[in-house]
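Observations on chain architecture
Here's the letter readout for the chains.
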Amino acid sequence: MASLRCRRDPCGVVCVFLTYFSVFYADYVVVQYVLIPAYSGSVWCSLHGSAFNVILLLLLACYCKAVFSDPGVVPLPDTALDFSDLRSQSSRMSDRGCEGWTVCSRCETYRPPRAHHCRVCQRCIRRMDHHCPWINNCVGELNQKYFIQFLFYTGVASVYATLLVVSAWVWHIRTERDGEAENAPGKHLIVAHYIILLVESVLFGVFTLVIFYDQLASIIADETPIEQMRNRLMMKEPGSPSSSPPHHATRKPKLALLREVFGRGEIPRLAPQLSISAVPLLPSGSVFCWLLPLHSGGPSVGGVAYSALPDYDV
């Protein structure tokens with residue numbers, strides 16, 4: 001499973017490298033060419049620098065969790081399973097309360113409801129959303145929270161960097177108009193960094209915020225993109241039932257759906273004697289905890305560690 005958490009996919013490795021490079025380049029330009037020249041000697045230089053780096057720190061923390069966390073890999077059985085009599089096996093699955101479980105012919109194992117096979121990872125992922133090359137990992141039940149947090153902080157950092165660059169550019173124009181600025185030989189270099197950072201911020205900002213909205217809409221609708229596509233194909237097929245999937249039989253509240261992904265907003269206890277009330281800034285059940293890359297609990301079905309099919313005769 002460790003190989004899955006850091007796959008050697010060439011496209012994914014390149015995307016991860018570009019992400020880290022873009023983040024550190026943005027931090028370098030903002031500090032070296034935006035804050036120091038425009039806000040040098042002012043308290044705003046320290047405030048903006050601290051705020052921007054805190055956002056980038058949270059961005060990188062969420063990104064690392066999304067890249068290296070287990071997305072919800074369905075474990076393989078210790079022994080080979082017999083698929084010769086699937087019809088009788090399916091009836092016994094229902095009798096044992098395993099309704100919704102399906103068979104993956106590629107992994108040769110049983111998988112829980114809403115799990116799908118990833119062609120890149122070559123494994124079944126619980127509540128798989130999609131395989132994202134930018135994190136070189138699947139977005140699934142156990143790391144979707146970190147992926148959404150990464151999208152959020154990338155959008156915030158992009159907007160923040162754009163505002164800082166625009167304000168610094170206006171400051172340079174005013175100082176040149178007043179004759180206070182010297183014709184430094186590095187003027188064209190500064191302008192080039194401003195343009196590159198603006199293009200980077202706009203592209204990444206729009207891209208991540210659109211995906212961020214799509215992820216939240218998918219959670220509230222309680223339907224992954226794979227399930228949406230499958231349901232649309234079923235609707236187009238003649239004679240197919242128009243009813244919703246089994247997990248939509250009882251509509252869950254939106255807050256409950258969000259808590260399934262982000263957790264209940266509780267702080268993980270580092271020690272048995274440490275209570276949540278010991279941290280007054282982050283009370284139990286606070287939505288603010290949704291913004292932090294904290295562990296939000298195990299899967300919704302079957303627990304973190306479970307057999308390929310509990311108490312099943314093979």
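In case you missed it, the structure is sitting above this.
This report concerns the structure included in the present document. (Residues numbered from 1 in each chain as written. Predicted model: local features only at pLDDT ≥ 70, side-chain atom pairs only at ≥ 80, totals over all residues. Heavy atoms only, no water.)

**Considerations on unusual backbone geometry**
With glycine set apart, most residues show a phi of negative sign, and most peptide bonds adopt trans. The phi torsion at Asn136 lies on the positive side, around 50 degrees, for a residue other than glycine. Assignment of secondary structure puts Asn136 in the loop between strand S5 (130–132) and strand S6 (137–139). You will see that Asp222, though not glycine, has its phi angle at about 55 degrees, which is positive. By secondary structure assignment, the location of Asp222 is in the loop between helix H6 (187–221) and helix H7 (225–236). (Helix = DSSP H or I, 4+ residues; strand = E, 2+ residues; numbered from the N terminus.)

**Digging into the nonpolar core**
Residues Leu59 and Ile135 are the most contacted members of the largest nonpolar core, which totals 44 residues. Elements with a contribution of two residues or more to this core: helix H2 (10–39), helix H3 (43–68), helix H5 (144–177), H6 and helix H8 (254–262). Of all the elements, H5 adds the most residues to this core, at twelve residues. Among the nonpolar cores identified, the runner-up in size contains six residues, and Cys118, Ile125, Met128 and Cys138 belong to it. (Core = buried A, V, L, I, M, F, W, Y, C linked by side-chain atoms within 4.5 Å. Buried < 20%, exposed > 50% of the residue type's maximum accessible area, 1.4 Å probe, protein only.)

**Side note on the side chain of Asn143**
Topologically, Asn143 is positioned in the loop between S6 and H5. In this structure Asn143 comes out as buried when scored by relative accessible area, which is 0%. A polar contact is formed between the side chain of Asn143 and the backbone oxygen of Cys138, at a distance of 2.8 Å. Among residues more than four places away in sequence, those in contact with Asn143 are Ala66, Ser69, Asp70, Pro71, Ile135, Asn137 and Cys138. (Polar contact = N/O pair within 3.5 Å; in protein donor to acceptor, adjacent residues only side chain to side chain. Contact = heavy atoms within 4.5 Å.)

Just distances and angles here, no functional claims.
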